[in-house]
Amino acid sequence: MTVRISRSLIDRIIALAGESRDEVCGLLLGVPDHVQTIGPAANVAPDPSRHFEIDPAVLIAAHRDARRGGPAVIGHYHSHPSGIAKPSATDTACAAPDGALWIIVGGGLARCWRAASDGSGGVHFDEAPIRIE
């Protein structure tokens, strides 16, 4: 399925990624297949140059906001500063097969992926085309 996102949001994600040599990350908020806003977060990974971990306080606050009627957490974004906009082996190892969206920025390009089950308890990613509105 195609994922909808505004030009301003995708440009903001790409700009944030370009501002750091470390991986940047944040939340994708909205309704299924429609990113309505983003929630930038600190990367609290022990080695943010090679991995990302969304600040748990930002994640918890977003879920609380969603329970109060705010936008749902539908996925997250992160960057590969010296890589490509494709899930890495680390991304695959850390992902859950929950259907979450992963927007990955690499080389100035943003691509969207959906985490799915590989049928044997693991994860694989299906590319989800982006429709920029």
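Here the structure is shown first, and the text comes after it.
Right, let's walk through the structure included here. Given the structure is predicted, the values throughout are model-derived calculations rather than measurements. All chains use their own residue numbering, which begins from 1 and follows the written sequence. Predicted model: local features are reported for residues with pLDDT of at least 70 only, side-chain atom pairs are reported and counted for 80 or more only, and whole-chain, interface and lining totals are derived from all residues. Hydrogens and water molecules were not included; the side-chain quantities draw on all heavy atoms of the structure.

Overview of the overall build of the protein
Under the DSSP-based scheme used, a helix requires at least four consecutive residues in state H or I and a strand at least two consecutive residues in state E, with every element numbered from the N terminus. Along the backbone of the protein there are three helices and eight strands. For 133 residues, the compact-globule estimate of 2.2 N^0.38 gives 14 Å, and the C-alpha radius of gyration of the protein, at 14 Å, lies within 12% of that figure. Once the C-alpha set of the protein is aligned to its principal axes, its extents read approximately 40 × 35 × 30 Å. Partly exposed residues are those whose accessible area sits between 20% and 50% of the maximum for their type, while under 20% is buried and over 50% is exposed, using a 1.4 Å probe and protein chains only. Out of the 133 residues in the protein, the part that is buried amounts to 38%. Only heavy atoms matter for contacts: two residues are in contact if any of them lie within 4.5 Å across the pair. Of the contacts formed within the protein by residues at least 6 apart in sequence, a portion of 57% connects residues at least 24 apart. The Shrake-Rupley method, run with a 1.4 Å probe, gives the accessible areas here. Residue values count only the displayed protein chains as cover. By element, 53% of the accessible surface of the protein is carried by carbon and sulfur atoms, the whole surface being about 7000 Å². The globule rule used for comparison is 2.2 Å times the number of residues to the exponent 0.38, while the radius of gyration itself is calculated over C-alpha atoms.

Here's the deal with the pattern of salt bridges
For salt bridges, the criterion is a side-chain nitrogen of Lys or Arg within 4 Å of an Asp or Glu carboxyl oxygen. Taken as a whole and assessed by the stated rule, the structure comprises five salt bridges. Where Arg114 meets Asp33, a salt bridge forms, and the shortest distance between an N and an O atom there is 2.6 Å. Taken as a pair, Arg114 in strand β6 (residues 109-117) and Asp33 in the loop between β2 (25-31) and β3 (34-41) lie far apart in primary sequence, 81 residues in all. Two residues, Glu133 and Arg131, come together in a salt bridge whose shortest N-O distance is 2.7 Å. Salt bridges linked by common partners bring Arg4, Arg131 and Glu133 together as one network.

A few points about the nonpolar core
Throughout this description, the term nonpolar core refers to a set of buried Ala, Val, Leu, Ile, Met, Phe, Trp, Tyr and Cys residues connected via side-chain atoms within 4.5 Å. Counting 18 residues, the largest nonpolar core has Ile5, Ile13, Leu28, Val35, Ile38, Leu101 and Ile103 as the members making the most contacts within it. Elements represented by at least two residues in this core include exactly β1 (3-5), α1 (7-18), β3, β4 (72-79), β5 (101-106) and β6. When residues of this core are assigned to their parent elements, the largest contribution, four residues, is made by α1. If near-sequence neighbours (up to four positions away) are discounted, Leu101 is found in contact with Val3, Leu28, Val35, Ile74, Gly75, His76, Cys112, Trp113 and Arg114.

Things to note about the packing of aromatic side chains
To pair, rings of Phe, Tyr and Trp, with the six-membered ring standing in for Trp, must have centres within 6.5 Å; the planes then decide the type, stacked if under 30 degrees apart, edge-to-face if over 60, and tilted in the middle. For the coordinates displayed, the defined rule picks out two aromatic pairs. Between the aromatic rings of Phe52 and Trp102, the centroid separation amounts to 6.1 Å while the plane-to-plane angle is 85°, which identifies the pairing as edge-to-face. Here Phe52 is found in the loop between β3 and α2 (56-67), whereas its partner Trp102 is found in strand β5, with 50 residues between them in sequence. Relative to Phe125, the ring of Trp102 has its centre 5.0 Å away and its plane inclined at 75°; by these criteria the two rings are edge-to-face. On the criterion of sequence distance, the pair formed by Trp102 in strand β5 and Phe125 in strand β7 (residues 123-127) is long-range, its members being 23 residues apart. Aromatic ring contacts, followed pair by pair, group Phe52, Trp102 and Phe125 into a single cluster.

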